[in-house]
Amino acid sequence: MSELAKRPERLQYSFSKHFACADGPLFLILSDVERWPGNLQPRLLSSNGETELIVAFRDNSRATIRFAKLAGGVNRVTVEHEASATENSAGAAAGFDYEIFWFELFEMLSARLMPGKVAIATAPGKVNLFFKVGPLLETGYHDVASLYLAVDLRETVTAQIATEYSVQVTGSLGDFQLLSVPTDESNLVVKVAEQVKAAAGTPAAIKLVLGIDKHVPVAGGMGGGSADAAAALVAVNDLLGANLGPERLHEMAAELGSDVPFALAGGAAIGVGRGEQLTALESVAPIHLVLIFDDHGLSTPAVYRRLDELRAARQEQVQSPEVSREFIGALQKSNAFDLAEVMHNDLEEAALSLRPDLQIKMTTALQHGALRAMVSGSGPTILALAASEAAATQIARSMNELGYKAIATHGPAAPTELVD
Ligand code: C5P
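Computed from a predicted structure; not experimentally measured.

## Re the pairing of strand E11 (residues 277-280)
As judged from the four bridges shared by strand E10 (residues 268-273) and E11, these two strands associate in the antiparallel manner. Residue pairing across strands places Ile270 opposite Thr279, the latter belonging to E11. As consecutive antiparallel partners, E10 and E11 are separated by three residues, and within that stretch Gly275 has a phi angle of approximately 120 degrees, a positive value.

The structure is reproduced here in structure tokens:
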């Protein structure tokens, strides 16, 4: 189970587990509380008949069980159970222990539903708080120097064995964005699966069903596609038992795209070369941000091309890029006001030249309390730096009230990781 959080005064069991099986039987078995294992005498307090159950136990503690359908026929079951410490010690004295109870309940579900094997990984989206673009190289890439920050907005990829490839996409993005994700073999996650298969020596006839649960905007300048590739690498490595170690995964990630190694690594890092050569920065204090989304993506190659055109037009001598000392100093001081002064993105000028309307969002975010507003990567997502978590929540609320689509988030966020 992915998370088991306990607080001293309240015992709080909060975890989720994924089942690759039909949702109907899953809900029916869970609703039938009288046949649950153990002697907790559960009572069903409420059910919406589809996605949520609230159950009370003999000691009057309550648990909420929720279902979410993910792509690829995978269901996520989330349990939140809160009991006071005294309730639980009374419970323990009476011969039951919640930890064991929930474990047994999920074992029973697995035994009765016989779900297929599924591997699941989540990967973070990113912003670049500092981004210098050097000259265009013969490889077709630009030399860059960037400060990547992984944010707590994650993609989830599920992988199961099948006889044909299929890619299924769900998520919190609008239909317009979700429908723009290819579901055929051109999707990067299929390329990932083929590469892991080759590395593992898996027979060619074995194909995969890949589900992508998307929350990072498509072509948004936040590395959403790269996060999908990173999550697919880790999930398929697990599913096929390929045993690829961190170094091999990093190499494969770099071949897949410039931002994929960082999506694997998460946290905060300086990226040079194409962006794939990383130096992790440890102990970066939480940075609170607001992301302001856009319905229409921007093509990364088009933004780089526009930057080259703008630079050529003014005959700019393009310098070899590096992350400035001032920026690193401000990051290490963990002071958002200092950081606001030194954040920078060379791609911003090009993104604004293609999408001048983005300027309005930046100005509006500043008017509503952002310390700095900037284009994220190649755009069109705007990132606004906030002084605190509360400030980020307030700025996001104000932007949403004005009709923009904004969320408060923070970084550094966890690397690509397997989930139960
Ligand atoms: O590496 P990735 O496939 O994500 O890059 C997409 C495109 O972005 C490249 O084809 C290139 O046009 C541009 N790019 C670049 N310099 C970089 C990274 C990406 O010009 N360092």
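## Looking at helix H3 (residues 98-113)
Helical geometry: 3.6 residues make up each α-helical turn, so side chains three or four residues apart lie on a common side. Here H3 spans 22 Å end to end across 16 residues, near enough to the 22 Å set by a 1.5 Å rise per residue. Every buried residue of H3 is listed here: Tyr98, Phe101, Trp102, Leu105, Phe106, Met108, Leu109 and Leu113. Taken down its axis, H3 places every buried residue within 150 degrees of arc, on the same side. With its phi angle positive at about 45 degrees, Met114 sits one or two positions after the end of H3.

## Quick notes on the sheet that holds strand E14 (residues 372-375)
Taken together, the four strands give an open sheet; going across it, the order is E14-E15-E12-E16, and neighbouring strands pair in antiparallel fashion. For this open sheet the edge positions go to E14 and strand E16 (406-411), each flanked by a neighbour on one side alone. Each neighbouring strand pair of the sheet contributes to a mean axis angle of 30 degrees, computed without reference to strand direction. Examined bridge by bridge, E14 and strand E15 (residues 382-385) share four bridges and lie antiparallel to one another. Bridged to Met374 within E15 is Leu383. Across the sheet, helix H13 (residues 358-367) lies against strand E12 (287-292), E14 and E15, angled at about 160 degrees from E14, the strand it touches most.

## A short note on the site of the ligand
Taken together, Gly140, Tyr141, His142, Val144, Gly257, Ser258, Arg274, Thr300, Pro301 and Tyr304 make up the full set of residues near the ligand. Note that an oxygen atom of the ligand is positioned 2.5 Å from one of the side-chain N or O atoms of Ser258. Here a nitrogen atom of the ligand and a backbone polar atom of Arg274 are 3.0 Å apart. For the ligand, the protein covers 75% of the area, taking 450 Å² as the surface of the free molecule. Every element with two or more residues in the shell around the ligand is listed here: strand E7 (142-162) and helix H9 (300-313). If you tally residues by element for the shell around the ligand, the top one is H9, at three residues.

## Here's the deal with the side chain of His18
Take His18: it is sitting in strand E1 (residues 10-20). Polar contacts involving the side chain of His18 include one to the main-chain carbonyl oxygen of Asp420, which spans 2.4 Å.

## Observations regarding the side chain of Asp346
On the secondary structure map, Asp346 appears in the loop between strand E13 (344-345) and helix H12 (347-354). Look at Asp346 and you get buried, because its relative accessible area is 13%. Engagement of the side chain of Asp346 in a polar contact is seen with the side chain of His344, the distance being 2.7 Å. Excluding anything up to four places from it in sequence, Asp346 contacts Phe131, Lys132, Val133, Leu307 and Arg311.

## Thoughts on the pattern of salt bridges
Per the stated rule, a full pass over the model turns up 18 salt bridges. When the shortest N-O distance is used, the salt bridge between Lys361 and Asp294 registers 2.6 Å. Of this pair, Lys361 sits in helix H13 while Asp294 sits in the loop between E12 and H9, and the two are 67 residues apart along the sequence. Of the two residues examined, Lys361 and Asp294, each falls in the buried class. With a closest N to O distance of 3.5 Å, Glu316 and Arg311 form a salt bridge. Classification of Arg311 as buried rests on a relative accessible area of 7%. Here the salt bridges share partners, and the residues they tie into one network are Arg311, Arg314, Glu316, Asp346 and Glu349.

## Comments concerning the packing of aromatic side chains
Within this structure, the stated rule accounts for twelve aromatic pairs. On the numbers, 6.0 Å between centres and 70 degrees between planes, the contact of Phe15 with Trp102 is edge-to-face. Of this pair, Phe15 sits in strand E1 while Trp102 sits in helix H3; the two residues are 87 residues apart in sequence, bridging distant segments of the chain. Residue Phe15 is classed as buried on the basis of its relative accessible area of 2%. What makes Trp102 buried here is its relative accessible area of 1%. Aromatic side chains Trp36 and Trp102 sit 6.2 Å apart centroid to centroid with 65 degrees between the ring planes, which places their arrangement in the edge-to-face category.

Thresholds, definitions, all that
- Residues numbered from 1 in each chain as written.
- Predicted model: local features only at pLDDT ≥ 70, side-chain atom pairs only at ≥ 80, totals over all residues.
- Heavy atoms only, no water.
- Pairing = 2+ DSSP bridges.
- Helix = DSSP H or I, 4+ residues; strand = E, 2+ residues; numbered from the N terminus.
- Expected span 1.5 Å × (residues − 1).
- Buried < 20%, exposed > 50% of the residue type's maximum accessible area, 1.4 Å probe, protein only.
- Arc of directions from axis to C-beta.
- Axes fitted to C-alpha atoms, helices over the stretch in contact; angles between N-to-C directions.
- Contact = heavy atoms within 4.5 Å.
- Near = heavy atom within 4 Å.
- Polar contact = N/O pair within 3.5 Å; in protein donor to acceptor, adjacent residues only side chain to side chain.
- Areas by Shrake-Rupley, 256 points an atom, 1.4 Å probe, with all protein chains shown as cover.
- Salt bridge = Lys/Arg side-chain N within 4 Å of Asp/Glu carboxyl O.
- Phe/Tyr/Trp six-rings, centres within 6.5 Å; stacked < 30°, edge-to-face > 60°.

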